[in-house]
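Spelled out from the first residue to the last, the chains are:
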Amino acid sequence: MILISPALRNSARRLLRQRHRPLPLNASSSVRSQSLSSSSITDTKCNPTIRIGHVERPIHKTLPLAHLTPKPAATLLDNIHHDSHLLQHLQWMMQKDSLAQDMLLVGPPGSSAALRRNLALLYARLHHREVQIVNVTSDLTESDLKQRRELVLAETPYATNMTTDAATDDMRQQQLLKLDFVNAAPVDAAIHGRILILDGLERASRNVLPTLNNLLEHRSMNLEDGRFLISRERYDQLLASHQQISESLVPVHEDFRVIATCVPAPTWPGRPLDPPLRSRFQIRRIETTIDTVYSFLKSARVDGAAGSADDEIDKQTQDLLVKLTMAMEAASQESVTTATSKNKIWPLPLHQLSSIQQTMTLFPRMDLQNVLLRAYPVGVHDTRMPWYNAQEANRKAFDAAYAQTFGSITNIGEGVDENVTYELQSIKRIGDDEAVVTMSCAQQASDDASWFASSTIKPTKTNIDMTAHCGRLELQQTPANYCLTESLKGVIEGLLTSHALGKDILLVSPPGESKSATTAYFASLLGYRQKLVHVFSEMTLTDLFLRRATNPLTGETAWEASPLLNAIRDGDLCVLDGVEKLRPDVLAALQSLCLSRDMYLPDGRRIMPVDDSLEAMDPNVIQAHPAFRIVALATSNKEAGSWLTQDAMSMFSTIVIPPLGEECTRAILRSANPLCPEETISKLLKLRSLLTADVAADCGVGQLSTRNLIRIAKRASTASIGEAVRQVLVTDLLPPTQRAALNSVLQKAGIKTTSRTPQISRTAPETKAADNHIMLTDKTLRIGDFTMHRESAKRPEMVPSPRFFDIPSHVRTIKNLLLDWSSGERAFLVLGNQGVGKNVIIDRLCEVVNFEREYIQLHRDSTIPQLTLQPSIQNGQIVWTDSPLVRAAEQGLTLVIDEADKAPTEVLAVLKGLAEDGELLLGDGRRISRHETGPGIIEMHKNFTLVVLANRPGFPFQGNQFFKQIGDCFSTYVIGNPDIDSEIELLRHYGPDVDEALIRSLAGSFAELRSFADRGDILYPYSTREAVAVIKHLQAYPSDDISSTLHNVLDFDSYDANTYGMLGDVFKRHGIPVERYASWQDAVHRQAGKLTLEYSDGRPPDGSSSNPPPIDMPKEGKWDAANEAHVGGNQWAGGTGGSNTAGLGGRGGPYRLDRGHQVHQISDEKKAEVSEDARKAARAMAEKALKEKLEEIDMTETEWDMYQRFVEPIKNDIANLRAILNQVELKQSEKTWLKRQSHGEVDDGRLVEGVTGDSFIYKRRGSAEDAGPMVNAKRLTFVVDVSGSMYRFNGYDQRLYRCLESVNLIMASFDGMQQRFDYQIVGHSGDSPSIPFVQFGLPPTTEKQRMRVLQGMIAHSQYCQSGDHTLEAVEQAIADLADVHQGDDESGGGIVIAVSDANLRRYGIHPRYLAKIIEDGNEHKIKAHCVFIGSLGEEADEIKRELPTGRAYICMQTKELPTIIRNILSTYA
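Residues numbered from 1 in each chain as written. Predicted model: local features only at pLDDT ≥ 70, side-chain atom pairs only at ≥ 80, totals over all residues. Heavy atoms only, no water.

Points about the overall build of the protein chain
We apply this condition: Helix and strand labels come from DSSP, where a helix needs a run of H or I of at least four residues and a strand needs a run of E of at least two; each type is numbered from the N terminus. Per-residue accessibility, obtained with a 1.4 Å probe over protein chains only, is compared with the maximum for each type, and a residue is labelled buried under 20%, exposed over 50%, and partly exposed between these values. Note on definitions: a residue-residue contact is assigned when non-hydrogen atoms from the two residues lie within 4.5 Å. Only the protein chains shown count as covering a residue, and every accessible area follows the Shrake-Rupley method with a 1.4 Å probe.
Each helix and strand in the protein chain was counted, giving 54 helices and 50 strands. Considering the protein chain as a whole, with its 1469 residues, one finds that 55% of them fall into the buried category. Pairs at least 24 residues apart make up 73% of the contacts formed inside the protein chain by residues separated by at least 6 positions. Entry remark: accessible area of the protein chain is about 63200 Å², with carbon and sulfur atoms responsible for 49%.

Written out as structure tokens, the structure is:
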């Protein structure tokens, strides 16, 4: 143990208020040496020392500077005499220090990381050493480890002689600037002999930390300012041997030491250490012991709380928690060596133990499970949480430890904080930043869930008073629009108790479930001002606290505080919204701030807890106000992934907002819209209960959040409930299969469905004539019965004036938008296909109301700074120019943000704060706010309107799926192609001289093409834009025929014969002839022969091209290894438009050979010149080549013909499905911005560094090395029916052929996509429930292999025994796929698709058993679907009704099956 004498202790306390004074140690203070056993502090006037066992080290005689004073956790300081393991660690560190060796403390993440950091601080504290800390993240660069550049005023004689009065702004601007190099923490610590703590080495990017290798090994480093660090020993040698040495040599202090902390990787997540770096450290493993646990529980009381539990209760709770903690610790240590990295058990965070014990003693009737799960949220049994599937091992371990400690498990984690046992009674202020919060035990509270249920100790107090910090605003001024339901009372109770215990809070819920509103309510209860920080994925640790700027007067570089830093200083509530987007390394670096309010900033300053010993005006110290708190908001959507780490779990008290019950939701909807009928509310509640997570996923929509329900209830006042649901869920954009599934759910909820799906026979709804026209006067706008005042534009040039024709469908859309605007809505999202008129509709709206409009077009490379401000450098200073967004918000203009789906989702996430919270932080430190005014705040104008335009989500559009993340923050409108009457009227406006019949035929043709796109038969969604383009051409060039004009929009698809044939058939059905492309091209060529090119300068026209080479005997041609394009020749195989050789588009060749080049077609007349002898020779060569090909793939001619029979009908479907799968691969490999690069585009966020001369100021697109491992391949299992009934009834409905076609579609479409999709095909028959045809990882890649699979299916169905194993086959496929996905959370689960005939009744099988198997698969994230390709009578329909919505399909025609398969796959892609 270490024994410190009272005299020394008192002396140290006095000297805490003094800096750099000798430590007055008295010799008599060490007289009690007889009390020391293994360690002591020796106190002499000359050499104070500290001794542990046989190791002794000197103590520095001077106390460190305030901002460099180590502040270890009080738990370690108080327990230093009682923890033998702690003394052993300190003794080892003294040994390494005496040997001048640097140290590396290793251990698991979470609380252990904080323990290692505090151990290093404790060592420095005991030796009176100054410390500097580097919080390592992946953003760390060389300048953070060596020197950063700053521009400062040069000390010129002019500046020196200036009087204060003369120092005007003009004079300041005339002073000269110089470049100054400021030492980073490692260099500063090396020069001054401090201890450098490198916290979290595993978080650094590759090849950054090796910058310190020489400093660690040889104590040397070259600096950017031209100086060079060398070891003290070498410096003294040079000084002794040379009378004068260079001033550029700077000696490293002999007391300089490095203590690093690290989580070993790959045992835990992180980056492995570079061997040369690791070899420079002495390593110590730091474990959690029972002494450590007791140290965290030793003094767990609420400061100033009245009515704390007595010592006996304290002792009992302490023993229970020690038992629980050690049980979890044992399970964790066992899993380190036996489990994979994903299945390791997380221990109970040590830093949560104190608050757990305080809660147990202060609130003994509180549900203990809920209290524990605030500290250990991965134990929550809530399937809504994104970490649910990944944390099964932790849940089981926690359940076992809980049962071992407390005896039983009752509803653990099912609805956290749902059972309210304490309610808020009052909050009374007792100081500027303190209040007494009174909680009372609810009458319905039960002791059954309490920790003392089986104890002899029974608490008697029902009212609990606790002292809590508060803000300086008026208390309990709660917002009027917040509905405090019973379940939310439990959340508020958790927020208040966690806050009173000094904890920062993590609030988690699915999107739209009142996180922001609940936080605002909590802040208003305690009088807090909120400082909002909208987190995005590119945010760095520096961004959270500081931003770089230049002084507008002097041009000096400076650091400016962020909202988080201002909240720390002022004692406000900082809300980190979207914390799940923050990179794990950045979040982990906040641990010291959350746990000890201690943080070293990049500018050299330090955040420290309030301490009387600190000087109030110390510029190097920012004192953290005791009332400061962080509330982090996280969305538990599936896309967020498993972002919760052990580090984050140790930092926050985690509160999960429980699912709102029916009565709670009803109360909220009544409060949001008192005029909403009860029947409507009841239907909405039923719809929410039916639309579970799995059903919603099958329907292609999200679950109905509270925000969505409120929006529907408000819209239901002016529209039908079906129309309101259609608008909010954007059902018009769903694929047909999913739309049908959702409609069936709506019907079950009693909601009549409406649809605006484009149909061939669609007509405009019956409306009054006045409703289809916009009537304008100078002051008013009128559309039917709607009247609105027109604004007076201050800048008429800002009001758009589009070429717009008031067709009925567009006028109705404008009217609905203005109705929403008049009711107070200011944020709109307008979705639709290309060419449907999104832009012109909004421009027309602005024109008729006189709205001044600002415009921003986004793209892939758009960034958050570009969205808000435009920085530039003028005279060496950063000047910020307001973006259109800022101007629109300040002046009350309409901001149109176009192509929003092309921008990264994190860029659009800032719009959520603007639309929902009315807050947006700008790059220059200003803030747009809807609620606040004051310096640095841009007040949002009441008329500011945000209109976001985007293409529809999903294939074939290549935009981001941002609608799922922020779509519910907007009033969403879907703009479809106009109804056929409106489209005809529009085309008339563009082509007044075009024949009316032709206009009608053209409108009908394009309407049918759109229905094809909706069904998935064609990929490209032809829009009104294409129809308008054709009419405009015919109006301008009436002599051109319609067939030629159509090629202006159809030629892109002319390379796909199947698609082009479908397009031609559609136009022919409407009386518009579209020739085969080759025939049309020949006609064009013939017409071109009559054309001449005339020059105005009299030069002769160009000559005609030469004929193709003469006809000769056919030959294969030479093979070009470089695969260059050969056109019109007769030498190369694979050429086009030539003669005699194998290729495409030519004449006289032996056979077709496609090498991937553009085809040049020879006319039929030229082909007719081939002689009969040449034709016979070519035919003979082709037959020979076919025979050789069949021999090569071991297939007979009969087999080849059979295979072609299964390929020909689905060629188009193979191409479409491959296009979808390729698009999925494209999205997965989307590149990101790489920051701090030496080349690329200038990064707006590093302009200040550019001014100072830093070379790493660029960004470029690339694959981020820290993006994590590659996403695993999506696994699919196809279960096919090869039972005897398939063969027997094939002549009845071709079911076996359809099954073979679907299998061939799968094999051909997935060929070459093994990196993203891994599939297997199994069959079932009367013989077995699992007959392997294609195994995972071994897909068939040749025609022969695919034919063998098809032959095997035919053989099984022909020769198997009768019987049915459909249920067993689906169940086995789900189980096998679940085993493959065990512990794999990244790939998002698997898909099972069963293709079978509906023949269950014959074997006495009820469909509900199949439904149960499909539903059970959801628990393992396996989505199972059934496709019935044969049915006797109506059995297939009966089975479909029994199965879960969206999981059953009926296919009675061959051409439908590939479409169904494609729809299923594209849904989950």
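A word on helix H31 (residues 838-849)
Using the following cut-off: Expected span of a helix, by definition, is 1.5 Å for each gap between consecutive residues, and there is one gap fewer than residues.
Compared with an ideal rise of 1.5 Å per residue, which puts 12 residues at 16 Å, H31 spans 17 Å between its outermost C-alpha atoms and is within 8% of the ideal. Lys 838, Ile 841, Ile 842, Asp 843, Arg 844, Leu 845, Cys 846, Glu 847, Val 848 and Val 849 are the residues of H31 that are buried. Backbone geometry just downstream of H31 places Asn 850 in the positive-phi region, at approximately 65°.

Considerations on the sheet that holds strand S29 (residues 786-789)
Using the following cut-off: Pairing between strands is defined by DSSP: at least two bridges between the two strands are required. Axis lines are fitted to C-alpha atoms, over the contacting stretch for helices. Their N-to-C directions set the angle, which ranges from 0 to 180 degrees.
Reading across from one edge, S27-S28-S29 is the order of the three strands in this open sheet, with antiparallel pairing throughout. Each end of this open sheet is capped by a strand with a single partner; those strands are strand S27 (775-776) and S29. In this sheet, strand S28 (residues 780-783) lies alongside S27 in antiparallel orientation, the contact comprising two bridges. Counted as the bridge partner of Met 775 is Arg 782 from S28. Contacts between helix H30 (residues 808-822) and the sheet are confined to S28 and S29, with S29 contributing the most and set at about 60° to the helix.

Notes on the nonpolar core
So the rule is basically this: To qualify as a nonpolar core, a set must consist of buried Ala, Val, Leu, Ile, Met, Phe, Trp, Tyr and Cys residues joined through side-chain atoms within 4.5 Å.
Grouped together as the largest cluster of nonpolar side chains are 152 residues, with contacts concentrated most on Phe 545, Ile 607, Leu 885, Leu 911, Ile 928 and Phe 970. Within the second largest apolar cluster, 42 residues are counted, among which are Met 1286, Phe 1310, Ile 1391 and Ile 1460.

Overview of the environment of Thr 554
Mapped onto the elements, Thr 554 comes out in the loop between strand S19 (546-550) and strand S20 (557-561). Residues Thr 554 and Leu 153 lie 401 residues apart in sequence; the distance between their C-alpha atoms is 7.6 Å.

Points about the sheet that holds strand S13 (residues 282-285)
One open sheet holds the five strands; their spatial order is S5-S8-S12-S4-S13, and the pairing between them is parallel. Looking at which strands have only one partner, the edges of the open sheet turn out to be strand S5 (131-135) and S13. The sheet shows a mean angle of 20° between the axes of neighbouring strands, direction not considered. In this sheet, S13 lies alongside strand S4 (residues 103-106) in parallel orientation, the contact comprising four bridges. What sits directly across from Leu 105, in S13, is Arg 284. Lying over the sheet, helix H3 (residues 84-98) contacts S4, strand S12 (257-262) and S13, oriented at roughly 180° with respect to S13. Seen against the sheet, helix H8 (residues 185-192) touches S5 and strand S8 (195-199) and runs at an angle of roughly 160° to S5.

Describing the side chain of Asn 213
Here Asn 213 is to be found in helix H9 (residues 213-217). Setting aside residues up to four positions removed in sequence, Asn 213 forms contacts with Pro 276, Leu 277 and Arg 280.

A short note on unusual backbone geometry
In most cases, non-glycine residues show a negative phi, while peptide bonds are predominantly trans. Here the bond from Ala 265 into Pro 266 is cis, since omega is 15°, no more than 30 degrees from zero. Here Pro 266 shows up in the loop between S12 and helix H11 (275-278). For His 128, which is not a glycine, the phi torsion comes out positive at approximately 55°. You can see His 128 is positioned in the loop between helix H4 (111-126) and S5. Here His 128 falls in the buried class, since its relative accessible area comes to 15%.

A few points about the packing of helix H24 (residues 662-672) against helix H25 (residues 678-690)
Operational definition: Note on angle classes: values under 35 degrees are labelled roughly parallel, values over 145 roughly antiparallel, values of 65 to 115 roughly perpendicular, and the remainder oblique. With the far helix as reference, a near helix turned anticlockwise by less than a right angle produces a left-handed crossing, and one turned clockwise produces a right-handed crossing. Three classes are used, and their members are as follows: Ala, Val, Leu, Ile, Met, Phe, Trp, Tyr, Cys and Pro are nonpolar, Asp, Glu, Lys and Arg are charged, and the others, Gly among them, are polar.
At a minimum axis separation of 10 Å, H24 and H25 run at an interaxial angle of 135°. Classified by the angle their axes make, H24 and H25 are oblique. Remark: the crossing between H24 and H25 carries right-handed chirality. Along the contact surface, H24 presents Glu 662, Thr 665, Arg 666, Leu 669 and Arg 670, while H25 presents Glu 678, Ile 681, Ser 682, Leu 684, Leu 685 and Arg 688. Its residues placed into classes, the contact of H24 with H25 shows four nonpolar, two polar and five charged.

Overview of the side chain of Arg 844
Rules: Whenever two N or O atoms come within 3.5 Å, that pair is a polar contact, provided that in protein one can donate a hydrogen and the other can accept it, and provided that, for residues adjacent in sequence, both atoms are side-chain atoms.
Along the polypeptide, Arg 844 turns up in helix H31. Only 2.9 Å separates the side chain of Arg 844 from the side chain of Glu 847, close enough to count as a polar contact. Filtering out sequence-adjacent residues up to four positions away, Arg 844 remains in contact with Ile 774, Pro 802, Phe 804, Asp 806 and Ile 814.

A few points about helix H20 (residues 563-570)
Each turn of an α-helix holds 3.6 residues, which means side chains three or four residues apart point in the same direction. Burial runs high along H20: six of the eight residues are buried. Of all the residues in H20, the buried ones are Pro 563, Leu 564, Leu 565, Asn 566, Ala 567 and Ile 568. With its phi angle positive at about 80°, Gly 571 sits one or two positions after the end of H20.

Topic: the pairing of strand S31 (residues 853-857)
The alternating pattern of S31 places Glu 854 and Ile 856 on a buried face, while none of Arg 853, Tyr 855 and Gln 857, on the opposite face, is buried. Of the strand pairs in this sheet, S31 and strand S34 (residues 894-898) are connected by five bridges, and their pairing is parallel. Within S34, the position partnered with Glu 854 by the bridge is Leu 895.

Examining the environment of Trp 643
Counting through the fold element by element, Trp 643 comes out in the loop between strand S25 (629-635) and helix H23 (646-651). When the C-alpha atoms of Trp 643 and Leu 582 are compared, they prove to be 8.7 Å apart, with 61 residues separating the residues in sequence.

As for the pattern of salt bridges
As a reminder of what qualifies: Just to be clear on terms, a salt bridge is a Lys or Arg side-chain nitrogen sitting within 4 Å of an Asp or Glu carboxyl oxygen.
If you walk through the whole model with that rule in mind, you get 54 salt bridges. The salt bridge partner of Asp 1416 is Lys 1412, with a shortest N-O separation of 2.8 Å. You can see Asp 1416 and its partner Lys 1412 sitting in helix H52 (residues 1407-1418), four residues apart, about one turn around the helix. Note on Asp 1416: relative accessible area 29%, which makes it partly exposed.

What about the packing of aromatic side chains?
To describe a pair of aromatic rings, one takes the distance between the centres and the angle between the planes. Applied cut-off: Stacked, tilted and edge-to-face are the three classes assigned to paired rings of Phe, Tyr and Trp, where Trp is represented by its six-membered ring and a pair needs centres within 6.5 Å; plane angles under 30 degrees give stacked, over 60 edge-to-face, the rest tilted.
Inspection of the entire model under this criterion finds 14 aromatic pairs. Consider the rings of Phe 363 and Tyr 422, whose centres lie 5.1 Å apart with planes at 80°: the pair is edge-to-face. In this pair, Phe 363 is assigned in the loop between helix H14 (353-362) and helix H15 (368-375) and Tyr 422 in strand S14 (residues 422-429), connecting sequence segments 59 residues apart. For Phe 363, a relative accessible area of 2% corresponds to the buried category. Judged by relative accessible area, Tyr 422 falls into the buried class, the value being 0%.

Description of the packing of helix H27 (residues 706-715) against helix H28 (residues 721-729)
It is the contact of H27 with H28, at a shortest axis distance of 9 Å, that shows an interaxial angle of 140°. In this view, H27 runs oblique relative to H28, as classed from their interaxial angle. Where H27 crosses over H28, the handedness of that crossing is right-handed. Contacts from Asn 708, Arg 711, Ile 712 and Arg 715 in H27 reach Ala 724, Val 725, Gln 727 and Val 728 in H28. Across the contact of H27 with H28, the residue classes break down as four nonpolar, two polar and two charged.

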